[in-house]
Amino acid sequence: MAACVGVGLALSAVAQEVDLAAEDKKNTDPFEEHSLAKADKLFKEKQYRAAAAEYDSFVLEFPQSRVLPYALFRKARSIDLDNKRFDAIVKYKEVLDYFPNAIAYAAPALYYMGVCYMQTGDPENAVKTWTEMVKDADYRKHALAASALNLLAEN
């Protein structure tokens, strides 16, 4: 139990939010941009339930959007930050299942999925998840991979 508490402190110290990549922002039309801006504003105001609902609305309204991986990731992150870790794991898996090549969002989804596992008392799956991240040639280039590697070293 003490190891989990120490890891919990380490987890909160490395939290890094993922924003819409500049390249992806160029690919949004004005309607998508407006919808995402509403959701992002709620997210930044820490109104996570409302933000998750707005990201969900975006997904339903723009199912062919090029920034769908971002919206799905942010929805998962909102659910995570609303302390619904098990639901967040499911949503992070959606990002990984449908958009594994959207590295800017899939890699953090894998990292935060590991964080959720650790916070729900499942260090075995957390370690598996972070190991998967640092072994993947593309995911390990993401900034959060260094945090995953550090957490693996601690465990």
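Analysis parameters
- Residues numbered from 1 in each chain as written.
- Predicted model: local features only at pLDDT ≥ 70, side-chain atom pairs only at ≥ 80, totals over all residues.
- Heavy atoms only, no water.
- Helix = DSSP H or I, 4+ residues; strand = E, 2+ residues; numbered from the N terminus.
- Buried < 20%, exposed > 50% of the residue type's maximum accessible area, 1.4 Å probe, protein only.
- Contact = heavy atoms within 4.5 Å.
- Axes fitted to C-alpha atoms, helices over the stretch in contact; angles between N-to-C directions.
- Parallel < 35°, antiparallel > 145°, perpendicular 65-115°, else oblique.
- Left-handed = near helix turned anticlockwise from the far one by under 90°.
- Nonpolar A, V, L, I, M, F, W, Y, C, P; charged D, E, K, R; others polar.
- Expected span 1.5 Å × (residues − 1).
- Arc of directions from axis to C-beta.

Draft legend 1. View of the environment of A76. Tracing the backbone through its elements, the reader meets A76 in helix α5 (residues 68-81). Relative accessible area serves as the criterion here: at 0%, A76 is assigned to the buried category. The contacts of A76, once residues within four sequence positions are left out, are A88, K91 and Y92.

Draft legend 2. Up close: the packing of helix α6 (residues 85-98) against helix α7 (residues 103-119). The N-to-C vectors of α6 and α7 enclose an angle of 155 degrees; their axes lie 9 Å apart at closest approach. Taken as axis vectors, α6 and α7 run roughly antiparallel relative to one another. Considering only the axes of α6 and α7, their crossing is left-handed. Where α6 approaches α7, its residues R85, A88, I89, Y92, K93, V95 and L96 are matched on the opposing element by Y105, A106, A109, L110, Y112, M113, C116, Y117 and Q119.

Draft legend 3. Expanded view of the packing of α7 against helix α8 (residues 123-135). The geometry of α7 relative to α8 is characterised by a closest axis approach of 7 Å and an angle of 165 degrees between their N-to-C directions. One finds that α7 runs roughly antiparallel with respect to α8. Remark: the crossing between α7 and α8 carries left-handed chirality. In this structure, α7 contributes A107, L110, Y111, M113, G114, V115, Y117 and M118 to the contact, and α8 contributes P123, N125, A126, T129, W130, E132 and M133. When its residues are assigned to classes, the contact of α7 with α8 shows 11 nonpolar, 3 polar and 1 charged.

Draft legend 4. Structural view of α6. Spanning 14 residues, α6 covers 20 Å between terminal C-alpha atoms, matching the ideal 20 Å at 1.5 Å per step. Inspection of α6 places R85, A88, I89, Y92, V95 and L96 among the buried residues, and these make up the whole buried set. One side of α6 holds all its buried residues, which, seen down the axis, span an arc of 115 degrees. Facing away from the buried side of α6 by over 90 degrees, the exposed positions are F86, D97 and Y98.

Read these as layout, nothing more, since geometry by itself doesn't imply function.
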